[in-house]
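Residue-level structural notes
The chain contents come next:
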Amino acid sequence: MHNVDNRPRFLNLFAIHFPLPAITSILHRLSGLFMFALIIPALYVFDLSLQGEQGFLIVQKLMHHGFVVFLSVALVWALTQHLLAGIRFLLLDIHIGDERKKAAHSARWVNLVALLVAVYYLGYRL
């Protein structure tokens, strides 16, 4: 008598091919987490800019720092991705575009438009 154990021992998520709607769902969650994480720093910078001319000049200088430019572009991507994916999910909830091909098509457009908006904003910043 032998013991047959069919349970998976190791699940390599990088070896799994996710469909595009699943990737869009994951990106929706990650963009929400990223925006949540930046609430406190964004409020601090906003408060600093409103404290007077000196604070505004500090923020203006800070906004030209490379890391802050990267964060602002990432935040624009996250806002766009989260908004468009959220609208997409609301439409899916009322059964608009929930067929497989239409869902994949809308997921592709959500990801593409969010990326294009972020690239446009980066070009605007530079």
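Read on for a plain summary of the structure.

About the thresholds
Residues numbered from 1 in each chain as written. Predicted model: local features only at pLDDT ≥ 70, side-chain atom pairs only at ≥ 80, totals over all residues. Heavy atoms only, no water. Helix = DSSP H or I, 4+ residues; strand = E, 2+ residues; numbered from the N terminus. Rg over C-alpha atoms; globule rule 2.2 N^0.38 Å. Buried < 20%, exposed > 50% of the residue type's maximum accessible area, 1.4 Å probe, protein only. Contact = heavy atoms within 4.5 Å. Areas by Shrake-Rupley, 256 points an atom, 1.4 Å probe, with all protein chains shown as cover. Lys, Arg positive; Asp, Glu negative; His and termini not counted. Charge placed at Lys NZ, Arg CZ, Asp CG, Glu CD. Salt bridge = Lys/Arg side-chain N within 4 Å of Asp/Glu carboxyl O. Axes fitted to C-alpha atoms, helices over the stretch in contact; angles between N-to-C directions. Parallel < 35°, antiparallel > 145°, perpendicular 65-115°, else oblique. Left-handed = near helix turned anticlockwise from the far one by under 90°. Nonpolar A, V, L, I, M, F, W, Y, C, P; charged D, E, K, R; others polar.

Re the overall build of the chain
Helix and strand counts for the chain come out as 5 helices and 0 strands. Element order for the chain, N to C, with α for helix and β for strand: α-α-α-α-α. In terms of C-alpha radius of gyration, the chain reaches 21 Å, well past the compact-globule figure of 14 Å for 126 residues. Each principal axis of the C-alpha distribution contributes one length, and for the chain these read about 80 × 40 × 25 Å. Across the 126 residues that make up the chain, the buried fraction comes to 23%. If you take every contact in the chain between residues at least 6 apart in sequence, the share linking residues at least 24 apart comes to 79%. Carbon together with sulfur atoms contributes 72% to the accessible area of the chain, which is approximately 10000 Å² in total. Distance between charge centres in the chain, computed from 10 positive and 6 negative side chains, equals 11 Å.

Examining unusual backbone geometry
A negative phi holds for most residues other than glycine; trans holds for most peptide bonds. The phi torsion at H95 lies on the positive side, around 65°, for a residue other than glycine. Looking at the secondary structure, you find H95 in the loop between α4 (66-93) and α5 (100-125).

Considerations on the side chain of N111
Relative to the helices and strands, N111 resides in helix α5. For N111, the residues in contact, after removing those within four places along its chain, are L20, T24, L27 and Q81.

Regarding the environment of L30
Summarising the element assignment, L30 is placed in helix α1 (residues 20-37). Measuring from C-alpha to C-alpha, the distance between L30 and A78 comes to 8.2 Å, with 48 residues separating the pair along the chain.

Structural notes on the pattern of salt bridges
Using the criterion set out here, one finds 1 salt bridge in the structure. Here K102 ties to E99 by a salt bridge, and the two come within 3.9 Å at their closest N and O atoms. Overall, the relative accessible area of 41% leaves E99 in the partly exposed class.

What to know about the packing of α1 against α5
Taken N-terminus to C-terminus, the directions of α1 and α5 make an angle of 45°; their axes are 8 Å apart at the nearest point. Taken together, α1 and α5 sit at an angle that is classed as oblique. Of the two possible hands of crossing, α1 and α5 adopt the one that is left-handed. For the pair α1 and α5, contact is made by L20, P21, T24 and L27 and by A103, A104, A107, R108, V110 and N111, respectively. In terms of residue class, the contact of α1 with α5 is made up of 7 nonpolar, 2 polar and 1 charged.

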